[in-house]
Amino acid sequence: MFGREKKDKPKKSPVREMFSALIWAAVLAAILRSTVACAYYVPSGSMLPTLQIGDQMLVNAMAYGVKLPIIGNTLIETSQPQRGDIVVFANPDGSGPDYVKRIIGLPGEIVKVEGQRVFINGKALKDPWAHVDDSRPAARRSFGPVMVPARHYFMMGDNRGNSYDSRYWNHGAGGFVPMEDIRGKVVMVLWTWKDLPRLVSLERCGTMFD
């Protein structure tokens, strides 16, 4: 008696195997991006001189909690954002690239801006991050006072005279960033694109942020 001969499984073509590997790599990247860490590129000068145009930043997506893969919703909160943190968050206009700014106002605080000075609850903020270009007057001389809603944050760029931030969103009425829209905290500069995408500079590699 002869048993049935086992048929060999058809081998996947190299193209199919490569496509499958790319799919899994994309899924893994999406999971890591939303739950662990990711890299973001600085496209504008709103955070000068702290962040340079072309900086590729490492962002800690777990700085404030553990998030669900891909979806990005926070599962467990481990800490609260602090004043001075540089964070990446969803575009406040509802679409487009993410933004990077510094947290200035915390939930429940009253924020007022007079020229280049920031006041928190009526007291002038010690603001070592602000960069003021005297040759370029601020686009708005005053803003507020406004109260920051619960679980929201007032954001400003370090380059105060050239930053589209919480002072200007919502058609000039100002706006805040909800906790849920914060992608993560900027940790360090990985490298800088000097002539995107051809030249890479490592001069700022390893620049850390508290």
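Regarding unusual backbone geometry
The omega angle of the peptide bond from Leu-48 to Pro-49 is 0°, so this bond is cis rather than trans. For Pro-49, the position within the fold is in the loop between β1 (37-41) and β2 (55-60). A cis geometry characterises the amide bond from Gly-144 onward to Pro-145, with omega recorded as 10°. Following the sequence through the fold, Pro-145 ends up in strand β10 (residues 142-147).

What about the packing of aromatic side chains?
Inspection of every chain in the model, using the stated rule, returns seven aromatic pairs. Ring centres of Trp-191 and Trp-193 lie 6.0 Å apart, and the angle between their planes is 85°; this geometry places the pair in the edge-to-face category. We classify Trp-191 as partly exposed; its relative accessible area is 28%. Judged by relative accessible area, which is 21%, Trp-193 ranks as partly exposed. Taken together, the ring pairs in this structure connect Phe-89, Tyr-99, Tyr-164 and Trp-169 into an aromatic cluster.

Section: the pattern of salt bridges
Overall, the coordinates contain nine salt bridges when judged by the stated rule. Between Asp-55 and Arg-204 there is a salt bridge whose closest N-O contact spans 2.6 Å. Taken as a pair, Asp-55 in strand β2 and Arg-204 in the segment after β14 (199-201) lie far apart in primary sequence, 149 residues in all.

A word on the side chain of Asp-127
Within the secondary structure layout, Asp-127 lies in the loop between β9 (123-124) and β10. If near-sequence neighbours (up to four positions away) are discounted, Asp-127 is found in contact with Val-118 and Arg-160.

Notes on the sheet that holds β9
On the basis of which strands lie adjacent, the open sheet formed by four strands has the order β9-β8-β7-β10 and antiparallel pairing. Lying at the two open borders of the sheet, with one neighbouring strand each, are β9 and β10. Pairing of strand β7 (residues 110-114) with β10 involves four bridges; the strand directions are antiparallel. Counted as the bridge partner of Glu-114 is Ser-142 from β10.

Analysis parameters
- Residues numbered from 1 in each chain as written.
- Predicted model: local features only at pLDDT ≥ 70, side-chain atom pairs only at ≥ 80, totals over all residues.
- Heavy atoms only, no water.
- Helix = DSSP H or I, 4+ residues; strand = E, 2+ residues; numbered from the N terminus.
- Phe/Tyr/Trp six-rings, centres within 6.5 Å; stacked < 30°, edge-to-face > 60°.
- Buried < 20%, exposed > 50% of the residue type's maximum accessible area, 1.4 Å probe, protein only.
- Salt bridge = Lys/Arg side-chain N within 4 Å of Asp/Glu carboxyl O.
- Contact = heavy atoms within 4.5 Å.
- Pairing = 2+ DSSP bridges.

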